[in-house]
Amino acid sequence: MPHDYDENHVHNLLPAEPALRVKALETILLEKGLLDQQAVDAIIDEYEHRIGPHIGAKIVARAWNDLVFKSMLLEDAETVLREEGHAGRQGEHVVVVENTNTVHNLVVCTLCSCYPWPLLGVPPAWYKSDAYRSRAVSEPRAVLSEFGIDIPKSRSVRVWDSTAEIRYLVLPIQPKESIGLPAPELAKWVTRNSMIGTGLPQRPKDDQ
Ligand code: FE
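Residues numbered from 1 in each chain as written. Predicted model: local features only at pLDDT ≥ 70, side-chain atom pairs only at ≥ 80, totals over all residues. Heavy atoms only, no water.

Some thoughts on the overall build of the protein chain
Stated formally: Secondary structure elements follow DSSP: runs of H or I no shorter than four residues count as helices, runs of E no shorter than two count as strands, and numbering proceeds from the N terminus. Each residue is placed in one exposure class: buried if its accessible area under a 1.4 Å probe, protein chains only, is under 20% of its type's maximum, exposed if it is over 50%, and partly exposed if it falls in between. Contacts are assigned to residue pairs with any non-hydrogen atoms lying within 4.5 Å of each other. Using a 1.4 Å probe, the Shrake-Rupley method yields the accessible areas, and only the shown protein chains count as cover for residues. Note on charges: Lys and Arg go in the positive column, Asp and Glu in the negative column, and His and the chain ends are not counted at all. For the purpose of locating charges, the reference atoms are NZ of Lys, CZ of Arg, CG of Asp and CD of Glu.
Scanning the protein chain from terminus to terminus reveals nine helices and four strands. What you see in the protein chain, going N to C, is helices and strands ordered as α-α-α-α-α-β-β-α-α-α-β-β-α. Projected onto its principal axes, the C-alpha positions of the protein chain cover 65 × 40 × 35 Å. When burial is assessed residue by residue, the protein chain has 36% of its 208 residues classed as buried. The contacts in the protein chain between residues at least 6 apart in sequence include a share of 65% that link residues at least 24 apart. Surface summary for the protein chain: the accessible area is close to 12700 Å², and the carbon and sulfur share equals 56%. When the 22 basic and 29 acidic side-chain charges of the protein chain are each reduced to a single mean position, those positions are 6 Å apart.

Side note on the coordination of the iron ion
What counts, and what does not: Counted as coordinating are nitrogen, oxygen and sulfur atoms within 2.8 Å of the metal, or 3.2 Å for Na, K and Ca, while water is not included, which may make sites look incomplete.
Around the iron ion, the donor atoms from the protein are Cys-109 (SG), Cys-112 (SG), Ser-113 (N), Cys-114 (N) and Cys-114 (SG), and they sit 2.1 to 2.8 Å away. Binding-site remark: the iron ion is held by donors from one chain whose sequence spacing is C-x2-C-S-C. Since its relative accessible area comes to 7%, Cys-114 is described here as buried.

Things to note about the side chain of Glu-26
Counted only if it meets this: By salt bridge we mean one thing: a side-chain nitrogen of Lys or Arg within 4 Å of a carboxyl oxygen of Asp or Glu.
Mapping Glu-26 onto the fold places it in helix α1 (residues 18-31). Despite its burial, Glu-26 pairs with no opposite charge; the closest candidate is Lys-23, at 4.2 Å N-O. Residues in contact with Glu-26, not counting those within four places in the same chain, are Leu-35, Gln-37 and Val-40.

Comments concerning the domain arrangement of the protein chain
Note: interface size is frequently given as the accessible area lost on complex formation between the parts. The line we're drawing: All domain edges in this entry derive from an automatic or database-based domain assignment.
Segmenting the protein chain into domains produces domain 1 (7-49) and domain 2 (52-207). Computed over C-alpha atoms only, the centres of domain 1 and domain 2 are separated by 30 Å.

Observations regarding the packing of helix α3 (residues 53-65) against helix α4 (residues 67-75)
Which entries qualify depends on this criterion: Between N-to-C directions, angles cover 0 to 180 degrees, with each direction set by a line fitted to C-alpha atoms, over the stretch in contact for helices. Oblique is the label for any angle not covered by the other classes, which are roughly parallel (under 35 degrees), roughly antiparallel (over 145) and roughly perpendicular (65 to 115). Here a crossing is called left-handed whenever its near helix is offset anticlockwise from the far helix by less than a right angle, and right-handed whenever the offset is clockwise.
Remark: α3 packs on α4, axes separated minimally by 5 Å, with the N-to-C direction vectors making an angle of 125°. With respect to α4, the element α3 is oriented oblique. Every pair of crossing elements has a handedness; the one defined by α3 and α4 is left-handed. Packed against α3, whose contacting residues are Ile-59, Arg-62, Ala-63 and Asn-65, the element α4 presents Leu-67, Phe-69, Lys-70 and Leu-73 at the interface.

Some details on the nonpolar core
What counts here: To qualify as a nonpolar core, a set must consist of buried Ala, Val, Leu, Ile, Met, Phe, Trp, Tyr and Cys residues joined through side-chain atoms within 4.5 Å.
Ranked by internal contacts, the top residues of the largest apolar core, which has 43 residues, are Leu-73, Leu-119 and Tyr-132. When residues of this core are assigned to their parent elements, the largest contribution, seven residues, is made by α3. Apart from residues lying up to four places away in sequence, Leu-119 is in contact with Gly-52, Pro-53, Ile-55, Gly-56, Ile-59, Leu-81, His-86, Val-94 and Leu-169.

In structure tokens:
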């Protein structure tokens, strides 16, 4: 049954914009003493400045250069990442999926925006959009094409739906031109999108 729009309905007193809703909720929780402002600021600072895709990039670069590390990562990323100190919020139960010449992996969260925060930081806005969440599943090749990637027909596209239980990180194919570089240099080739599957590793801009 359609739900009639009612301007006077109490729910309409809530701000329409999610950011305003969050602000309103935060204000109430702070006023009631249920939330500590310093704790909130510390978490935001951590995810804005300390944690980001450079962490995932380091892991990928190391896997490219170290086959033993790579096989451990593919087999049991959770243990490897915990030992490396990359656990934490939304970082439990990470599974690493490897791109090969026969398969390209693409990660989405169809339900909301589950994402490996300790490895990639906060998710980009498009990752949370309705369009990406539905189209990544219904027409992944079209979505990839819009991101500038055309996957050959001979290569299958595998879509992984992240959940609160499992989050995925893509291990992209190492570009041939980067083979032999030391890990710190290699990490610069690993873009955030290449670890979601919506991009490929790229020669760093300062190297072109
Ligand atoms: Fe989610």
